[in-house]
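Inside the fold
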Amino acid sequence: TPEPTLPPPADMLRMRVIGTATVAWATAIVRETPRTGPISARLPQGTAVEIVDRRGSWYGIRWDRSHTGWTYGDALDNPVSARVGCGPTDAAHAA
């Protein structure tokens, strides 16, 4: 089955927050799209982010109220409320 359509960055700025986290790694790579998208930012350890979407191991994040992107879940420390009920794609990636 094809990957569900990703929300555009402008929509991610307005999406409901489904969790919060901080960057756990020394530097978290943020991409325009999960996995292989172009790198759009690098966030230092301790940066607070809001989680607005999840696709498998990748989290759609928002920070500084004006930036969005996708980062690998292991780069985040204790994503709160993001592992349960994140959206329609959870069941497809739960195994």
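Residues numbered from 1 in each chain as written. Predicted model: local features only at pLDDT ≥ 70, side-chain atom pairs only at ≥ 80, totals over all residues. Heavy atoms only, no water.

A count of helical and extended segments in the chain gives two helices and seven strands. Each helix and strand of the chain, ordered N terminal to C terminal, gives the series α-β-β-β-β-β-β-β-α. Every one of the 95 residues in the chain was classed for burial, and the buried ones make up 40%. The contacts in the chain between residues at least 6 apart in sequence include a share of 58% that link residues at least 24 apart. (Helix = DSSP H or I, 4+ residues; strand = E, 2+ residues; numbered from the N terminus. Buried < 20%, exposed > 50% of the residue type's maximum accessible area, 1.4 Å probe, protein only. Contact = heavy atoms within 4.5 Å.)

Enumeration over the complete set of coordinates arrives at two aromatic pairs. An angle of 35° between the planes, with centres 6.5 Å apart, marks the rings of tryptophan 25 and tyrosine 72 as tilted. Within this pair, whereas tryptophan 25 is found in the loop between strand S1 (19–23) and strand S2 (27–31), its partner tyrosine 72 is found in strand S6 (residues 67–72), the two being separated by 47 residues in sequence. For tyrosine 72, a relative accessible area of 32% corresponds to the partly exposed category. (Phe/Tyr/Trp six-rings, centres within 6.5 Å; stacked < 30°, edge-to-face > 60°.)

Attention now goes to the side chain of threonine 71. By the secondary structure assignment, threonine 71 is in strand S6. Of note is the side chain of threonine 71, whose polar atom sits 2.9 Å from the backbone oxygen of isoleucine 29. The residues touching threonine 71, leaving out its near neighbours within four places in the chain, are Ala28, Ile29, Ser57, Trp58, Tyr59, Ile61 and Leu76. (Polar contact = N/O pair within 3.5 Å; in protein donor to acceptor, adjacent residues only side chain to side chain.)

Throughout the structure, instances matching the rule amount to three salt bridges. The closest approach of N and O atoms between arginine 14 and aspartate 11, which form a salt bridge, is 2.6 Å. Note that arginine 14 and aspartate 11 are positioned in helix H1 (residues 9–14) at a spacing of three residues, about one turn of the helix. Judged by relative accessible area, arginine 14 falls into the exposed class, the value being 62%. Judged by its relative accessible area of 31%, aspartate 11 falls in the partly exposed class. Between glutamate 50 and arginine 62 there is a salt bridge, and its shortest N-O distance comes to 2.7 Å. Highlighted residues: glutamate 50 in strand S4 (residues 48–55) and arginine 62 in strand S5 (residues 58–63), separated in sequence by 12 residues. The class of arginine 62 is buried, set by a relative accessible area of 7%. (Salt bridge = Lys/Arg side-chain N within 4 Å of Asp/Glu carboxyl O.)

This part covers the pairing of S4. In terms of burial, S4 is a largely internal element, six of the eight residues being buried. Bridge count between S1 and S4: four bridges; the pairing is antiparallel. From the neighbouring strand, threonine 20 faces S4, where its bridge partner is glutamate 50. Pairing geometry for S4 and S5, over five bridges, is antiparallel. Looking at the pairing, arginine 55 lines up with tryptophan 58 of S5. A loop of two residues connects S4 with S5, the two strands running antiparallel in sequence, and glycine 56 in this loop sits at a positive phi of about 65°. (Pairing = 2+ DSSP bridges.)

The analysis is restricted to geometry; functional conclusions fall outside its scope.
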